[in-house]
Amino acid sequence: MPIKIQENLPAVEVLESENIFVMTHQRAIAQDIRPLKIIILNLMPTKIETETQLLRLLSNSPLQVDVELLQMATHISKNTSSSHLNTFYKTFDEVKDEKYDGMIITGAPVENMPFEEVDYWDELCKIMAWSRKNVYSTLHICWGAQAGLYYHFGIPKYSLPEKLSGIFCHHVLVCRHPLVRGFDDDFYAPHSRNTEVHFEDIEKCSDLVVLTASDEAGVHIVAAKNGRQFFITGHLEYDCDTLAKEYFRDLKKGIHPSIPLHYFPNDDVTKQPPFVWRSHAHLLFANWLNYFVYQNTPYNIGEISE
């Protein structure tokens, strides 16, 4: 089934070339069905690329999904044109009186800063507080996961000695949890971050459970036991070449990054990395939409509450 987005969003052309069903607003209003309302708070600098990655995964479901994009009013993006943001993105003031079935909060390249020093931290806290009453289930990704764990549950983040970048093997720890239904016992997922959260801190919180983890990369997926919040420390949404783009970008900047682990064949940066996490990325998003958004959210969306 389709995702419903503005018809001139740049992601539309890419998704349609992949035979992904994208529905225009005009066609959607003719269907006698309430679509799921999903809002994406996109904090990534590569906004158009991130939009496409997330929309691709949200489309892999029999549900009609109505997607809106949210930006921070207190931050000026350096990598995305103001015309794109003004055309396709809303601010919090424009949506604060709305209710949503689901929300996604992305990562952001601000990991090395204390949370409170991020220029839009106060606004993000308002949005996360609002999400508890106005969104049924929220998916937090990478830095967004660390920010959510810190704000909602007081879980701190810790600096790593060097950037964790690569593809890592993960283990399912709670095999009967609906979010990981259909997952292999061991699966691969990308990480790209400079900080981490610790298993022992999460264990102390009775409201949280770690669903998946990696021997090398640590905690991966954390769930609030009520199903209203999920925290993913990696980037299952990444394309096959995203880590390569980040690596070559940092090389060009003179940062001298390490080659992403378990990514390029034989660590040969001239070779195409294998796409070994795609199926689990689609499965994760489909499970979230089905079991924690569609199956549980009230049909009358106005009934969503904390």
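What you see is a predicted model; the values in this text were computed from it and never measured. (Residues numbered from 1 in each chain as written. Predicted model: local features only at pLDDT ≥ 70, side-chain atom pairs only at ≥ 80, totals over all residues. Heavy atoms only, no water.)

Caption draft 1: Highlighting unusual backbone geometry. Of note in this structure, Asn 266 is not a glycine but carries a positive phi near 55°. Mapped onto the fold, Asn 266 is located in the loop between α9 (242-252) and α10 (278-294). Using a relative accessible area of 73% as the deciding quantity, one classes Asn 266 as exposed. Backbone geometry places Asp 267, a non-glycine residue, at a positive phi of 55°. Within the secondary structure, Asp 267 sits in the loop between α9 and α10. For Asp 267, a relative accessible area of 46% translates into the label partly exposed. (Helix = DSSP H or I, 4+ residues; strand = E, 2+ residues; numbered from the N terminus. Buried < 20%, exposed > 50% of the residue type's maximum accessible area, 1.4 Å probe, protein only.)

Caption draft 2: Expanded view of the UniProt feature "active site" (unreviewed entry) in the protein chain. As annotated by UniProt and renumbered to match this structure, "active site" (unreviewed entry) occupies Cys 142, His 235 and Glu 237. In sequence the annotated residues extend across 96 residues, while in space they remain close, none of their C-alpha pairs exceeding 10.7 Å. Annotated residues from the preceding list that form part of the lining of the largest pocket: these are Cys 142 and His 235. Take Cys 142: its relative accessible area is 4%, and that puts it in the buried class. (UniProt positions renumbered as here; feature names shortened; annotations may be inferred. 1 Å grid on protein atoms, 1.4 Å probe; cavity = no way out; pocket = protein on both sides within 12 Å on 5 of 7 lines; lining within 4 Å.)

Caption draft 3: Just the packing of helix α6 (residues 121-134) against helix α7 (residues 143-153), in detail. Between α6 and α7, the least distance of the axes is 11 Å, while the angle of their chain directions is 75°. What the angle tells us is that α6 and α7 run roughly perpendicular. Contact residues: Trp 121, Leu 124, Cys 125, Met 128, Ala 129, Ser 131 and Arg 132 in α6; Trp 143, Ala 147, Gly 148, Tyr 150, Tyr 151 and His 152 in α7. Taken together, the residues of the contact of α6 with α7 sort by class into 9 nonpolar, 3 polar and 1 charged. (Axes fitted to C-alpha atoms, helices over the stretch in contact; angles between N-to-C directions. Parallel < 35°, antiparallel > 145°, perpendicular 65-115°, else oblique. Contact = heavy atoms within 4.5 Å. Nonpolar A, V, L, I, M, F, W, Y, C, P; charged D, E, K, R; others polar.)

Caption draft 4: Seen up close, the UniProt feature "binding site: substrate" (unreviewed entry) in the protein chain. In this numbering, the UniProt entry assigns the feature "binding site: substrate" (unreviewed entry) to Lys 163, Ser 192 and Arg 249. In three dimensions, the annotated residues from a span of 87 residues occupy one location, with a maximal C-alpha spread of 14.2 Å. Lining residues of the largest pocket drawn from the annotated list: Lys 163, Ser 192 and Arg 249. You can see Lys 163 is positioned in strand β8 (residues 158-172). We classify Lys 163 as partly exposed; its relative accessible area is 30%. If near-sequence neighbours (up to four positions away) are discounted, Lys 163 is found in contact with Ser 192, Arg 193, Asn 194, Glu 246, Arg 249 and Asp 250.

Caption draft 5: Representation of the packing of helix α3 (residues 47-58) against α10 in the model. Interhelical geometry of α3 versus α10 gives an angle of 65° and a closest axis separation of 8 Å. Taken as axis vectors, α3 and α10 run roughly perpendicular relative to one another. Residues Leu 54, Arg 56, Leu 57 and Leu 58 of α3 form the contact with α10, whose own contacting residues are Ala 281, His 282, Phe 285, Trp 288 and Leu 289. Among the residues forming the contact of α3 with α10, the class breakdown is 7 nonpolar, 1 polar and 1 charged.

Caption draft 6: Inspection of the layout of surface pockets at higher detail. When its volume is computed, the largest pocket comes out at roughly 1200 Å³. As for the largest pocket, its lining consists of 47 residues, and the residues nearest its centre are Pro 45, Ala 108, Pro 109, Arg 249 and Lys 253. Counting residues per element, the ones that place at least two in the lining of the largest pocket are α3, β8, β9 (186-196) and α9. When residues in the lining of the largest pocket are grouped by element, the largest group, 7 residues, is from α9. The class makeup of the residues in the lining of the largest pocket is 19 nonpolar, 16 polar and 12 charged. (Points joined across faces, edges and corners; volume = space filled by probe spheres on them.)

Caption draft 7: Spatial organisation of the packing of aromatic side chains. Per the counting criterion, the structure on display carries 16 aromatic pairs. Aromatic side chains Tyr 247 and Phe 264 sit 6.1 Å apart centroid to centroid with 65° between the ring planes, which places their arrangement in the edge-to-face category. One end of the pair, Tyr 247, is in helix α9; the other, Phe 264, is in the loop between α9 and α10, with 17 residues separating them in the sequence. Summarising the aromatic geometry, the rings of Phe 275 and Trp 277 are spaced 4.7 Å apart at their centres and angled 55° between planes, so their arrangement reads as tilted. (Phe/Tyr/Trp six-rings, centres within 6.5 Å; stacked < 30°, edge-to-face > 60°.)

Caption draft 8: Quick look at the pattern of salt bridges. One pass over the full model with this rule turns up 9 salt bridges. The salt bridge involving Arg 56 is made with Asp 239; its shortest N-O contact spans 2.9 Å. A residue pair is termed long-range when its members are at least 10 positions apart, and Arg 56 in helix α3 and Asp 239 in the loop between β12 (229-232) and α9 qualify at 183 residues. On the basis of relative accessibility, which here comes to 15%, the residue Arg 56 falls in the buried class. (Salt bridge = Lys/Arg side-chain N within 4 Å of Asp/Glu carboxyl O.)

Caption draft 9: The arrangement of the pairing of strand β6 (residues 100-105) in detail. Extensive coverage of β6 is indicated by the burial of 6 of its 6 residues. Across 4 bridges, the pairing between strand β3 (residues 36-41) and β6 is parallel. In the strand pairing of β6, Ile 40 is matched with Ile 104. By the bridge criterion, 5 bridges tie β6 to strand β7 (residues 135-141) in an arrangement that is parallel. Residue pairing for β7: Ile 104 is matched across the bridge by Leu 139. Once the chain exits β6 it traverses α6 before rejoining the sheet at β7, and the crossover so formed is right-handed. (Pairing = 2+ DSSP bridges. Right-handed = clockwise from strand over helix to strand, strands pointing away.)

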